[in-house]
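In case you want the letters, here they are:
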Amino acid sequence: MISALLIACWAGICAIDDIGTQILRRPLLIAPVVGLIMGDLQTSLYIGATLEVMWMGIGNVGAYSAPDIISGTAIGTALGIASGGAATAVALAVPTSLLAQQLLILYRSTITYLNPIADKIAESRDFSKVFRINYIPMLIAFLVRAVPTFLAVYFGAGAINTAVEALPDAIMDGLSVAGAIIPSVGIGLLMLMMIKKGELWMFLVAGFTLAVYLDLDVLPITLIALPIAFIYDLAVKQAPQSSEQSTTMDSSDEEEEYDL
Amino acid sequence: MSTEEMKITKHDLNRVFWRMQLLNVTNNFQSLQAIGFLSSFVPVLERLYEDQPKELKTKAMKRHLEFFNSHVNSDALILGIAAAIEETTDEEEKQTVTDVKTGLMGPLAGIGDSILKFTWLPICGSIGASLALNGSILGPIVMFLLYNVVNVSIKYYGIHLGYTKGMEMIEGTGGNILQRLSNIANIVGLMVVGALIASVVDVNVVAEISAGDNVIEFQEMFDQVMPGLFSLLITFAVYKILKKTNGKHAPLLILAIMVLSILLTALGVLGE
């Protein structure tokens, strides 16, 4: 009961952070706190890392609301630890995020009522009132994340536990295997945003090769990538503007060629 | 703009910085970041409209309640630039402020996305994740610190830089500096993503064919061609599917991968 309340509060705090400062909102930062509350830090680290990569390319782009990684991570981690499996956590995080996404869309639609309020404040000619408008949505955001999280963690743990024990081993094994493949979706989403020209494929393959053959970590690869990127930028800059534009226009054809 | 004429103080800009931490709170489907922009921008307006008639205060507030949307970190630069323009324009030229804001919000959102969301966050996330996978609590801590040193300083210096030399930075000589930064971030990001595929996507084929005495293990065979080849192929396939559907059905794809993995594991093709 107390841990469910604490986790719900943590989800609520992260919710405020997600719409505000954006310092805590990632799975890798959310999961360990849930783990501490539940008394199993090790499992939560593993779950957090898996979810982090899985949701890597997910984010609000423009007016599109992404699946809600915060309640997904909080609920998934809590129930995953309760039922003793990282695979369960990943399996639960997806549907939870999807359900919570609907709540968030509702939230962002609801707070359009702030616009007339803001207009009224503008009429009042009082600058100092403007900032207060932030408090109401913060409260709503907190509740929108905290209440479902509490309900799911408090009432869900028993049900999930029974369900997991009833599941055949084959399904649990399959879910573990899936856990290692699913990050490809997060990465695929990132690639979708990043590969704007066909020629950019070679940098992806170069990074892959450095990691596979030289067994390098992310940090050294970043440092190697910096000078390469700098040289590429110089080379692109040298080219006259017109040729750059034609490359962009051809990009769809080129990408087909470079694929696979 | 000479220094002695500047009305807006460092302190005002710092107040904008603190207020912009909540800039996105009021983000809604109608005006997106508009209310947040105004609520962050108030210290500037307070300074500039101290002794102005009340109608002008209302006009100023209404002006910044118009539709606005950019990337949270790019907002800092735009807030700074808008402050500079507010200060240097007369009342009848105020349309410039809105024009500059709307002109900058799109491109700067793109640059903010490509540097922060698609390059720096994945780098921090994967450094943190690889530490965490080894069971180290340093993972989340390192990720938090790495990400926020950049996140917070872009916001802080963005406002100040935007105010002092924003426009020359964007239009300045020396080529389009921000565009080039975003190009460089793009390449670095892609190499990191390539490395990520190798380190986090893990496909293990356990199927084997026995031909007489010889047992052909697929995994071993493909590893000789290139280690991690399956990871690369799977990611390409996922990318292709996402591309066809414009990235809209990622959660569905995740569920599909779960179902397929369960099936293939049960059939003995895949394993841990």
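Please read all numbers here as calculations on a predicted model, not as lab measurements.

Parameters and conventions
- Residues numbered from 1 in each chain as written.
- Chains lettered and ligands numbered in written order.
- Predicted model: local features only at pLDDT ≥ 70, side-chain atom pairs only at ≥ 80, totals over all residues.
- Heavy atoms only, no water.
- UniProt positions renumbered as here; feature names shortened; annotations may be inferred.
- Helix = DSSP H or I, 4+ residues; strand = E, 2+ residues; numbered from the N terminus.
- Buried < 20%, exposed > 50% of the residue type's maximum accessible area, 1.4 Å probe, protein only.
- Lys, Arg positive; Asp, Glu negative; His and termini not counted.
- Salt bridge = Lys/Arg side-chain N within 4 Å of Asp/Glu carboxyl O.
- Polar contact = N/O pair within 3.5 Å; in protein donor to acceptor, adjacent residues only side chain to side chain.
- Contact = heavy atoms within 4.5 Å.
- Phe/Tyr/Trp six-rings, centres within 6.5 Å; stacked < 30°, edge-to-face > 60°.
- Lys NZ or Arg CZ within 6 Å of the ring centre and 35° of its normal.

**Student:** Please set out the UniProt feature "transmembrane region" (unreviewed entry) in chain A residue by residue, giving values where relevant.
**Tutor:** Residues and elements named next belong to chain A. UniProt feature "transmembrane region" (unreviewed entry): in the numbering of this structure it lies at residues 69-94, 135-155, 175-195 and 202-232. Helix makes up 88% of residues 69-94 and strand makes up 0%, while its end C-alpha atoms are separated by 8 Å. Across residues 202-232, helical content stands at 87% and strand content at 0%; the span's end C-alpha atoms are separated by 12 Å.

**Student:** So what about unusual backbone geometry? Which residues, and what values?
**Tutor:** We note that A:Asp215 has phi near 60°; this positive angle belongs to a residue other than glycine. The residue A:Asp215 is located in the loop between helix H10 (201-213) and helix H11 (218-238) in this model.

**Student:** So, the UniProt feature "transmembrane region" (unreviewed entry) in chain B: which residues are in play, and what are the values?
**Tutor:** Residue and element names in this part refer to chain B. In the numbering used here, UniProt assigns the feature "transmembrane region" (unreviewed entry) to residues 144-163, 184-201, 221-239 and 251-270. A helix fraction of 100% and a strand fraction of 0% characterise residues 144-163, whose end C-alpha atoms lie 28 Å from each other. Note that residues 251-270 is 80% helix and 0% strand, and that its end C-alpha atoms are spaced 22 Å apart.

**Student:** Mind laying out the side chain of A:Arg25, listing which residues take part and the relevant values?
**Tutor:** Mapped onto the elements of the fold, A:Arg25 is located in the loop between helix H1 (2-19) and helix H2 (27-38). Among buried Asp, Glu, Lys and Arg side chains, A:Arg25 stands out as unpaired, with A:Asp18 the closest opposite charge at 4.6 Å. A polar atom in the side chain of A:Arg25 sits 3.5 Å from the side chain of B:Tyr147. Beyond its immediate chain neighbours, meaning those up to four positions away, A:Arg25 contacts A:Asp17, A:Asp18, A:Ile30, A:Ile69, A:Ile70, B:Leu121 and B:Tyr147.

**Student:** Which residues make up the packing of aromatic side chains, and what values go with them?
**Tutor:** Applying the stated criterion across every chain, the model contains eleven aromatic pairs over all chains. Between A:Phe131 and A:Tyr135, the aromatic rings sit 6.3 Å apart at their centres with planes inclined by 90°, giving edge-to-face as the arrangement. Among the residues examined, A:Phe131 registers a relative accessible area of 17% and is labelled buried. For A:Tyr135, a relative accessible area of 47% puts it in the partly exposed group. Ring geometry for B:Phe17 against B:Tyr156: centres 5.3 Å apart, planes inclined by 85°, an arrangement best described as edge-to-face. Residue B:Phe17 is found in helix H1 (residues 10-20), and its partner B:Tyr156 is found in helix H6 (residues 138-171); the two are separated by 139 residues along the sequence. B:Phe17 sits in the buried class, given a relative accessible area of 7%. Accessibility expressed as a relative area gives 26% for B:Tyr156, which makes it partly exposed. The side chain of B:Lys101 reaches across the aromatic face of B:Phe37, ending 3.9 Å from its centre.

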